[in-house]
Amino acid sequence: MRRIALHDSRTGEVSPFEPRDPGRVGIYACGPTVYGPIHVGNARPYVVFSQLKRFFEHEGLDVTFVANVTDINDKIYAAARELGRDSAGLAEAMTARYRADTDRLGLGRPDEEPLATETVPEIVALIEALVARGHAYEAGGDVYFAVRSLPSYGTLSHRDVDQMDQGEGVEGADRKRDPLDFALWKAAKPDEDTRWDSPWGAGRPGWHIECSAMAEKLLGLGFDLHGGGSDLVFPHHENEAAQTLAGRGEPLARRWMHNGMVELPRAGGGTKMSKSAGNIVGLADALDAVGRDTLIMLFTGTHYRRPLPYRDDVLEDAAARVRRFREAGRRLVDGPSPAELRPHRAAFFDALADDFNTPGALAALHAWVDAANRRGGVGEADFREMLTVLGLENLLDAAPDVPAELVELARRRDAARRGRDFATADRLRDELRSAGWTVRDGPDGPVLVPAAP
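Notes on the structure follow. Please read all numbers here as calculations on a predicted model, not as lab measurements.

Considering the packing of aromatic side chains
Item 1. By the definition in use, this model includes eleven aromatic pairs.
Item 2. Where Tyr28 meets Phe223, the ring centres are 6.4 Å apart and the plane angle is 50°; that geometry is what we call tilted. Within this pair, whereas Tyr28 is found in strand β3 (residues 24-29), its partner Phe223 is found in the loop between α5 (207-219) and β9 (225-229), the two being separated by 195 residues in sequence.
Item 3. For Tyr28, a relative accessible area of 0% gives the class buried.
Item 4. On the basis of relative accessible area, Phe223 is assigned to the buried category, the value being 0%.

Put into structure tokens, the structure is as follows:
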């Protein structure tokens, strides 16, 4: 196994990665809160940590990748009320939609996908431990974490405790001993249609305690790597780390890894993609528009810790890389790679070992393709090996012939779209998808590609 180094948000440094258990790695990445369809920004950690799992496995490690689903949350209650439906039904429907949309990324499923609703007993037990240790208190059916009871609070997010705001607004302000304290358990409200029993009365868990309990249940204490978007460092991950350390006396995770935000262009600069800001591109819409290969390449082309611009020029660059690699794959033949290709293969994996530098890996892959072209296209096995780690091995699949009747449907859809008959264009697009094809609009007209399963 190569010497792997990764960034740790707590230390702010890139340091050697050494698994807790030799040969085994446990990863927990925070998944979505299921009150609506997920957007491209939600998909970035899914892609980053799915690819990281593939790299670890390439290096001979046995990986357990856990990505939770938050199906108990204030946002779900609010969305359900607005839609006039029950919150449990909405959460179940949006969980199914999330899984269907991420299935289309073609990266496989996480090994475990726990639900908060299935983890309530473990959540209650962790809250009881916090109360017993003097780190939490009950007030009017709510239970709050006493932030100042833990001297190390703030070391993950590098924030001054006195300058923190938990983002809970005025809710529970009259019951908190300190405005900085945050909710572990919330007493049931009249307009909330789901609730669970607890020693403090009927109610539901707070957001932060859910992930602490789900991660501990599936990976144990001190697991290797906790991931998520950089917007979760505070308060979510700071609170997760604090709860487990205070309740168990041991850290939840050995390393915290955060990906940058996906940004949509706006006047004055990029803005984080988020539902609350109203500036989102749904994952399903993005997959329909550009296809999974371009979207995976988009994520891969920017280092995971940096912000990722979602712009037409960046998407076109990703699409061009996809076309180049697919064309290179068509020219490759079986056989061992010539000696001059080996340094580029080594550089590819060395880049991934250096804080998962996917742009560096892509540069090495381009260099490998250039060298392979000069040597007559020998080395298909190495090319497949590298693409597989990135989840792009399908670029080597032979392109099937498109039936003539579907080409005609695509032509008619393009004409309808150009004539601004969007209803007809959408209907024809759906017919093509039902037949197993995705239509992509490019400068040279529509292109049909097999739809992701």
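Re the sheet that holds strand β8 (residues 203-205)
Item 1. Reading across from one edge, β5-β6-β7-β8 is the order of the four strands in this open sheet, with antiparallel pairing throughout. Strand pairing shows two members of the sheet lacking a second neighbour, β5 (136-139) and β8, which therefore form its edges. Ignoring which end each strand starts from, the neighbouring axes of this sheet average 20° apart.
Item 2. Relative to β8, strand β7 (residues 182-187) is paired through three bridges, and the arrangement is antiparallel. Within β8, the position partnered with Trp185 by the bridge is Pro205.

Remarks on the packing of helix α13 (residues 404-418) against helix α14 (residues 422-434)
Item 1. Across the interface, α13 lies against α14 with an axial gap of 8 Å and an inter-helix angle of 155°. Judged by the inter-axis angle, α13 sits roughly antiparallel to α14. Relative to α14, α13 is oriented so that their crossing is left-handed. For the pair formed by α13 and α14, the contact residues are Leu406, Leu409, Ala410, Arg412, Arg413, Ala416 and Arg417 on the first element and Phe422, Thr424, Ala425, Leu428, Arg429, Glu431 and Leu432 on the second.
Item 2. For the contact of α13 with α14, the per-class residue count stands at eight nonpolar, one polar and five charged.

Some thoughts on the side chain of Thr294
Item 1. Within the secondary structure layout, Thr294 lies in helix α8 (residues 292-300).
Item 2. In this structure Thr294 comes out as buried when scored by relative accessible area, which is 5%.
Item 3. Not counting the four nearest positions on each side in its chain, Thr294 is found in contact with Leu315, Ala318, Ala319 and Val322.

Considering the side chain of Glu113
Item 1. Along the polypeptide, Glu113 turns up in the loop between α3 (87-103) and α4 (120-132).
Item 2. For Glu113, a relative accessible area of 16% gives the class buried.
Item 3. Side chain to side chain, Glu113 and Arg109 meet in a polar contact 2.6 Å long.
Item 4. With residues up to four places along the chain from it excluded, the contact list for Glu113 reads Ala67, Tyr98 and Arg99.

Regarding the nonpolar core
A general feature of soluble globular proteins is that nonpolar side chains tend to end up buried together.
Item 1. One finds Phe56, Leu295, Tyr310 and Phe383 to be the most contacted residues of the largest nonpolar core, which totals 79 residues.
Item 2. At nine residues, the largest contribution of residues to this core is made by helix α1 (residues 40-58).
Item 3. Residues Ile123, Leu150, Phe223 and Phe234 belong to the second largest nonpolar core, which totals 40 residues.

Quick look at the pairing of β9
Item 1. When you tally the buried positions in β9, you get five out of five residues, the bulk of the element.
Item 2. Pairing geometry for β3 and β9, over three bridges, is parallel. Its bridge partner being in β9, Ile27 is matched across the sheet by Leu225.
Item 3. Of the pairings in the sheet, the one linking β9 to strand β10 (residues 256-259) comprises four bridges and is parallel in character. Bridge assignment links His226 to a residue of β10, and that residue is Trp256.
Item 4. With helix α6 (residues 233-248) bridging β9 and its parallel neighbour β10, the resulting β-α-β unit is right-handed.

What about the environment of Glu192?
Item 1. Along the chain, Glu192 turns up in the loop between β7 and β8.
Item 2. According to the relative accessible area criterion, Glu192 is buried, its value standing at 6%.
Item 3. Along the backbone, Glu192 and Ala78 are 114 residues apart, and their C-alpha atoms lie at a distance of 9.1 Å.
Item 4. With near-sequence residues (within four places) excluded, Glu192 lies in contact with Tyr77, Ala187 and Arg204.

A closer look at α5
Item 1. With 13 residues, α5 should cover 18 Å at 1.5 Å per step; its first-to-last C-alpha distance of 19 Å lies within 8% of that length.
Item 2. α5 sits mainly inside the fold: ten of its 13 residues count as buried.
Item 3. Elements in contact with the buried residues of α5: β3, β4 (62-67), α4, β7, β8 and α6.

About the cut-offs
- Residues numbered from 1 in each chain as written.
- Predicted model: local features only at pLDDT ≥ 70, side-chain atom pairs only at ≥ 80, totals over all residues.
- Heavy atoms only, no water.
- Phe/Tyr/Trp six-rings, centres within 6.5 Å; stacked < 30°, edge-to-face > 60°.
- Helix = DSSP H or I, 4+ residues; strand = E, 2+ residues; numbered from the N terminus.
- Buried < 20%, exposed > 50% of the residue type's maximum accessible area, 1.4 Å probe, protein only.
- Pairing = 2+ DSSP bridges.
- Axes fitted to C-alpha atoms, helices over the stretch in contact; angles between N-to-C directions.
- Parallel < 35°, antiparallel > 145°, perpendicular 65-115°, else oblique.
- Left-handed = near helix turned anticlockwise from the far one by under 90°.
- Contact = heavy atoms within 4.5 Å.
- Nonpolar A, V, L, I, M, F, W, Y, C, P; charged D, E, K, R; others polar.
- Polar contact = N/O pair within 3.5 Å; in protein donor to acceptor, adjacent residues only side chain to side chain.
- Core = buried A, V, L, I, M, F, W, Y, C linked by side-chain atoms within 4.5 Å.
- Right-handed = clockwise from strand over helix to strand, strands pointing away.
- Expected span 1.5 Å × (residues − 1).

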